[in-house]
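Here is how the chains run, residue by residue.
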Amino acid sequence: MKKIILTSLLGLILIALAACGSEDEGASGDGGDSESESNGGKLEELQEAGTVKIGFANEEPYAYEEDGELKGAAVDIAAAVFAELGIDNMKSQLSNFDSLIPGLQANQFDVVTAGMAITPDRCEQAAFGEPEMVYGEGLVVQAGNPLNIQSYQDIADNPDIRVTVMSGATEVGYLESVGVSDDQVTPADDIPATFSAIQADRADVTTATEMTLRMAVETAGDDLEFVDNFEQPDIEGVPSYGAAAFSKDNTELRDAYNEKLKELKEDGTVAELLEANGFDPESNMAEAGEITTESVCSGENY
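These lines cover the structure that appears in this document, whether it is placed above or below. Quick caveat, the model's predicted, so the values are computed rather than measured.

Our next topic: the sheet that holds strand β4 (residues 89-94). The five strands are arranged β4-β1-β5-β14-β6 in an open sheet whose pairing can be described as mixed. The sheet terminates laterally at β4 and β6 (127-128), the two strands that pair on one side only. Examined bridge by bridge, strand β5 (residues 111-112) and strand β14 (residues 245-246) share two bridges and lie antiparallel to one another. Within β14, the position partnered with Val 111 by the bridge is Phe 246. Along the sheet, helix α3 (residues 73-84) makes contact with β1 (51-56), β4, β5 and β14, crossing β4 at roughly 145 degrees.

Here we take up the nonpolar core. Within soluble globular proteins, side chains that are nonpolar tend to cluster in buried spots. Counting 40 residues, the largest nonpolar core has Leu 100, Val 112, Phe 128, Tyr 152, Ile 155 and Val 205 as the members making the most contacts within it. Every element with two or more residues in this core is listed here: α4 (100-105), β8 (137-142), α6 (152-157), β9 (163-166) and α7 (170-177). Those residues in contact with Val 205 that sit more than four places away from it in its chain are Leu 139, Val 140, Val 141, Ile 149, Ile 155, Ile 161, Arg 162, Val 163, Thr 164 and Ile 198. In this structure, Leu 43, Val 52, Ala 117 and Met 285 belong to the second largest nonpolar core, which totals 38 residues.

Across the two faces of β9 the burial is the same, with Val 163 and Val 165 and Thr 164 and Met 166 all buried. One crossover worth recording links β9 to the parallel strand β10 (residues 185-188) by way of α7, and it is right-handed. When β9 meets strand β11 (residues 205-209), the two strands line up parallel, connected through two bridges. When the bridges of β11 are listed, Thr 164 appears paired with Thr 206.

Below, the discussion takes up helix α11 (residues 269-276). Turning to α11, its buried residues are Val 270, Ala 271, Leu 273 and Leu 274. Along the axis of α11, the buried positions cluster into a sector of 165 degrees, meaning they face one direction only. Opposite the buried face of α11, by more than 90 degrees, sit the exposed residues Glu 272, Glu 275 and Ala 276. Structurally, α11 contributes buried residues whose contacts are with α3, β7 (133-135) and α10 (251-266). Downstream of α11 by one or two residues, Gly 278 has phi in the positive range, about 95 degrees.

In total, this model carries 10 salt bridges according to the counting rule given. The salt bridge involving Glu 45 is made with Lys 42; its shortest N-O contact spans 3.6 Å. Here Glu 45 and its partner Lys 42 are both found in helix α2 (residues 31-49), three residues apart, which amounts to about one turn of the helix. The class for Glu 45 is partly exposed, based on a relative accessible area of 44%. Here Arg 162 makes a salt bridge to Asp 201, at a shortest N to O gap of 2.9 Å.

A word on the state of the cysteines. Each disulfide consists of one covalent bond between the sulfur atoms belonging to two cysteines. Across all of its chains, the model carries one disulfide by this definition. Disulfide pairing is shown between Cys 123 and Cys 297; the S-S distance is 1.9 Å. Its S-S torsion of about -65 degrees marks the bond between Cys 123 and Cys 297 as left-handed, since a negative value means left-handed. Placement of the pair is Cys 123 in helix α5 (residues 120-123) and Cys 297 in helix α12 (residues 293-297), with a sequence separation of 174 residues. Accessibility expressed as a relative area gives 10% for Cys 123, which makes it buried.

Thresholds, definitions, all that
All residue numbers here refer to positions counted from 1 along the written sequence of the relevant chain. Predicted model: local features are reported for residues with pLDDT of at least 70 only, side-chain atom pairs are reported and counted for 80 or more only, and whole-chain, interface and lining totals are derived from all residues. Just so you know, side-chain values use all the structure's heavy atoms and leave hydrogens and water out. For two strands to pair, DSSP has to find at least two bridges joining them. Helix numbers and strand numbers start at the N terminus; a helix is a DSSP run of H or I with at least 4 residues, a strand a run of E with at least 2. In what follows, residue pairs with any heavy atoms lying within 4.5 Å of each other are defined as contacts. Fitted lines through C-alpha atoms give the axes, limited to the stretch in contact for helices. The angle between two N-to-C directions lies from 0 to 180 degrees. We define a nonpolar core as any set of buried Ala, Val, Leu, Ile, Met, Phe, Trp, Tyr and Cys residues linked to one another through side-chain atoms lying within 4.5 Å. Each residue's exposure class comes from its accessible area (1.4 Å probe, protein chains only) as a fraction of the maximum for that residue type: buried when under 20%, exposed when over 50%, partly exposed otherwise. Here is how to tell: hold the view so the strands point away, follow the path from the first strand over the helix to the second, and if it runs clockwise the crossover is right-handed. The arc in question is the one traced by the directions running from the helix axis out to the C-beta atoms. Salt bridges, as used here, are contacts in which a Lys or Arg side-chain nitrogen is within 4 Å of a carboxyl oxygen on Asp or Glu. The definition used for a disulfide is geometric: two cysteine sulfur atoms within 2.5 Å.

Now the structure itself:
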């Protein structure tokens, strides 16, 4: 009886070890194939559904909501690319800018299309597509620019200047890099909130990308003005390269997106979509292969 029991136990142990070995193999060297299947499955899943979930921040002219419709340069480019992939419907989700990457990581949406600047830090958290657009920075102040603010350095040199910035935006780091004190900076949910802070005298200046501020200030009222003689900061990350962002689990979806994006750059579609949204196709378009996401993520072109 003891021999029978021992034989049975030995058999169970061998079966358990074999099962563990199979799981380990799937998680190690051959795991790349499993991941590839998962990524490929995501693209196929979206193609079968015909719908992709889009995360965006309300920042004209990159991505914004108007009369219940998602618009903007980044939106139009994404729509054209996904149409080429056989995905015609975009289900949009408005989010605060600093919640976009966490939303990707939590699978709340499949892609972020907000003209988001590629940075080495963000590359650790998301898989960026290739650059779609290039842009610089800007300032909006009270009408007449009473504090004569023409640069980030002017803000750093005067500790009494109060600046409001959209939470999660790259400008927060830019200001810090030139010596602007943390206690000078107040975060805001979006661009309208930064304008409201200046109009209510809770802030003296706001900064964001040039195109965003130029377009937004046109309808903001006579008490605000865009600083035309703003000095672009000579710091890492300027100019910025905007791109769509994907979950790191969906790199095959990102790669398929990049392939179609390259084709649309080469046939002139991307330039046309940028121009239709107020951008200069000559200065604001990121040409295919000129600056790569890899080179920005590595710090070579940042």
